[in-house]
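A look at the structure
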Amino acid sequence: MPDGRTCDFCTLIEGHAAYLAANSMVETEKEELGHVLCAFNQACDGQAVEKVFELDERFYELIVRGSHNQYLYKAFLDYKSKKSSTSR
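Attention here is on the structure that accompanies the text. Numbers given to residues run from 1 along each chain, matching the order in which its sequence is written. Under the rules for a predicted model, residues below a pLDDT of 70 receive no local features and side-chain atom pairs below 80 are neither given nor counted, while totals for whole chains, interfaces and linings still include all residues. Processing note: side-chain calculations cover all non-hydrogen atoms of the structure and skip hydrogens and water entirely.

Under the DSSP-based scheme used, a helix requires at least four consecutive residues in state H or I and a strand at least two consecutive residues in state E, with every element numbered from the N terminus. By secondary structure assignment, the location of glutamine 42 is in helix H2 (residues 27-45). Given a relative accessible area of 58%, glutamine 42 falls into the exposed group. Residues glutamine 42 and valine 52 lie 10 residues apart in sequence; the distance between their C-alpha atoms is 8.9 Å. In this scheme, a residue with accessible area under 20% of its type's maximum is buried, one over 50% is exposed, and one in between is partly exposed, where area comes from a 1.4 Å probe on protein chains only.

What follows covers the nonpolar core. Among buried residues, those of type Ala, Val, Leu, Ile, Met, Phe, Trp, Tyr and Cys that are joined through side-chain atoms within 4.5 Å constitute a nonpolar core. Counting 14 residues, the largest nonpolar core has Ile13, Ala17, Leu33, Ile63, Val64 and Leu72 as the members making the most contacts within it. Those elements giving two or more residues to this core turn out to be helix H1 (4-24), H2, helix H3 (49-66) and helix H4 (70-86). Counting residues per element, this core draws most heavily on H3, at 5 residues. For this analysis, residues touch if any pair of their heavy atoms sits within 4.5 Å. Residues contacting isoleucine 63, with those up to four places away along its chain left out, are Glu14, Ala17, Ala18, Ala21 and Leu33.

In this analysis an axis means a line fitted to C-alpha atoms, helices contributing only their contacting stretch, and an angle means the value between N-to-C directions, from 0 to 180 degrees. Packing of H2 against H3 leaves a shortest axis separation of 9 Å and a crossing angle of 160°. Relative to H3, the element H2 lies roughly antiparallel. The crossing of H2 and H3 is left-handed. For the pair H2 and H3, contact is made by Glu29, Glu32, Leu33, Val36, Leu37, Ala39, Phe40, Ala43 and Cys44 and by Lys51, Val52, Leu55, Asp56, Arg58, Phe59, Leu62, Ile63, Arg65 and Gly66, respectively. Residue classes in the contact of H2 with H3 are distributed as 12 nonpolar, 1 polar and 6 charged. Orientation is classified from the angle alone, with under 35 degrees giving roughly parallel, over 145 giving roughly antiparallel, 65 to 115 giving roughly perpendicular, and any other angle giving oblique. When the near helix sits turned anticlockwise from the far one by under a right angle, the crossing is termed left-handed; a clockwise turn instead gives a right-handed crossing. Three categories are distinguished: nonpolar for Ala, Val, Leu, Ile, Met, Phe, Trp, Tyr, Cys and Pro, charged for Asp, Glu, Lys and Arg, and polar for the others, with Gly belonging to the last.

In this section: the environment of tyrosine 19. Tracing the sequence through the fold places tyrosine 19 in helix H1. The class of tyrosine 19 is exposed, set by a relative accessible area of 55%. Between the C-alpha atom of tyrosine 19 and that of valine 64, which follows or precedes it by 45 residues, the distance is 9.7 Å.

Within the secondary structure, serine 67 sits in the loop between H3 and H4. Residue serine 67 is classed as buried on the basis of its relative accessible area, which comes to 5%. The contacts of serine 67, once residues within four sequence positions are left out, are Ala17, Leu20, Ala21, Ser24 and Leu72.

Following this line, the structure appears as structure tokens:
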């Protein structure tokens, strides 16, 4: 279970990335995000829990990538990598 600092870090990275992405995403990135949101809603409706978690992670990755900020994206990937290695 993540501690409060980890959650604060995620909130900071994802929140700032969302602000930047809102102003810098190109149309193809917005379309991809829309597809992920539709798939997420379908997974929720079908109660496909694993798919919901997978799509949630994909959503945030697209937001961070769409920020076009290399430092935020690297921090996000580093966090994701560390999260994967500790969950094994």
